[in-house]
Amino acid sequence: MASFGDISVPYQNDLRVLMKYISTLVNLGYETIAINRTVSPDVKGKGGQDKIPGPPNLTSLPGLEDLKKTCPKLKLLSRITVIIEDQQQVRFIPGETVQSYDIVSVQPTNEKLFQQISQAVECDVISFDMTSRMPFYIKHPQVNLAIERGVSFEILYAPAIRDESLRKHTITNALELIRVCKGRNVVMSSGAEQTIELRGPYDIINLGLLFGLKPDQSKATVSRNVRSIIYHAEARNKTVKGAVSLEKMPVPASSVKRGHENVEQSKESDLKSKKFKV
Amino acid sequence: MSSRVTAKQKSEYYYLKCVLEQEENGTIKYIVLERVKLKSLIVNALKQLHGLVGAAITVDVLKCEKTSGEIILRVKSSDLIKLRSSLTILNNYNGTPCRCNVKQVSPYLMSLAADSRAWSPVEVRGKQSRYYEQS
């Protein structure tokens, strides 16, 4: 069984607060956690690309070692959500800073952009702002295109817990989305603003039933689909056209004796370890 | 002689073990409530999400453990989804944010006696879990 995952924990500048989110999620039973950063790059000013912050360093969080002891399978990922309001902002997505995140997600704000994103843009997740009335209808052809490419759709549940009117909108939009994509490739994640808004995975599975999912699909939204997003992201990031990937191997002890060859090998592996640009 | 009992039909009731949690000074603490207050909290939560139909659901509070904050509820199996979603949506008690953490759900009351998920080989039996601050 795929482990449970929450792919939308908002990034906190205070690492201790971020750690509190992570430990709460671990206590609730999640094992895969993605720290999300939401940006909306500016088109007009020069160097909009540079203004996007790089992925946070998730290996040096305070108290992470202790948490790893209680949950050895814990997997932390970085994620970026690019809110796109203008056609020109689409060019930021293939950029190096955005692609250096583990998971890339895009939030279109109108139908034209949604069409473009589902067709061609390289991303893993498409999310919508579900807390207000959707400005456009989600249509079958676009959704099918995205699903064919392995892109998933996201539903945030924390707004539904926070406030009554947000809840109303979240339920309508989620029902609509699930009707269109027939329950395939949907993930549910928190997007919580406080740690108390987080809920256990089985509660979310139950909530999915309320959104019109079937029990097995509902379970997949927090487990299997999250895993498939991670694999999709890895195929995009660490491979050449999803076909070839290279990994650094430890040098076997027998080759250490032959000094000159060893030097050559390490040179080669240095070259290989550089990121592939396609 | 041991005998094997198989329940053939769908069970009539479901039992839920849950804990009401609250955050205080950065640590999670459980809330202990009286039965009447707890019942009204649950009915309100049901009414909030499912309206009058939700409020008509009968929920029995079987147990309110004072030492561990555990609550055991009983519902008709047809109403389980409605009750559980209302507990998920529950977000405040007396104005302070809270969470109803559903620990276990089972059609058999007996199986709530032991929690396989909370069990760990490292922790000594009888010791309270480290998740809660001891009050």
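Remember, predicted model here, so these are calculated numbers, not experimental data. (Residues numbered from 1 in each chain as written. Chains lettered and ligands numbered in written order. Predicted model: local features only at pLDDT ≥ 70, side-chain atom pairs only at ≥ 80, totals over all residues.)

> Looking at this model, I keep getting lost on the overall build of chain B. Mind explaining?
From N to C terminus, chain B includes two helices and six strands. The order of helices and strands in chain B, counted from the N terminus, is β-β-α-β-β-α-β-β. Split into buried and exposed, the 135 residues of chain B put 27% on the buried side. If you take every contact in chain B between residues at least 6 apart in sequence, the share linking residues at least 24 apart comes to 67%. (Helix = DSSP H or I, 4+ residues; strand = E, 2+ residues; numbered from the N terminus. Buried ≥ 20, exposed ≤ 12 C-beta atoms within 10 Å, placed from the backbone. Contact = placed C-beta atoms within 7 Å.)

> It is not clear to me how the nonpolar core should be interpreted in this structure. Could you clarify?
As a rule of thumb, nonpolar side chains are buried together in soluble globular proteins. Of all hydrophobic cores here, the largest spans 85 residues; its most connected members are Ile103 and Tyr157 of chain A. Ranked by residue count, the leading element in this core is strand 1 (residues 13-24) of chain B, at six residues. Setting aside anything within four residues of it in sequence, one finds Ile103 of chain A in contact with Ile7, Ala34, Leu77, Arg79, Asp124, Val125, Ile229 and Ala233 of chain A. (Core = buried A, V, L, I, M, F, W, Y, C linked by C-beta atoms within 7 Å.)

> Just checking my understanding: could you explain the UniProt feature "domain: Ribonucleases P/MRP subunit Pop8-like" (unreviewed entry) in chain B for this structure?
Under the present numbering, the feature "domain: Ribonucleases P/MRP subunit Pop8-like" (unreviewed entry) in UniProt falls on residues 13-88 of chain B. End-to-end, the C-alpha atoms of residues 13-88 of chain B are 20 Å apart, and along that stretch the chain is 39% helix and 37% strand. (UniProt positions renumbered as here; feature names shortened; annotations may be inferred.)

> Is there a simple way to explain the interface of chain A and chain B in this structure?
Size of an interface, as often reported, equals the accessible area lost when the parts are brought together. Listed by partner, the interface residues are 17 residues for chain A and 14 residues for chain B. Among the elements of the structure, helix 1 (15-28), helix 7 (158-162) and helix 9 (201-210) of chain A are those that each provide at least two residues to the side of chain A that touches chain B. Among the elements that take part in the side of chain A that touches chain B, helix 9 of chain A stands out by supplying six residues, more than any other. Taken together, the residues of the side of chain A that touches chain B sort by class into seven nonpolar, five polar and five charged. (Nonpolar A, V, L, I, M, F, W, Y, C, P; charged D, E, K, R; others polar.)

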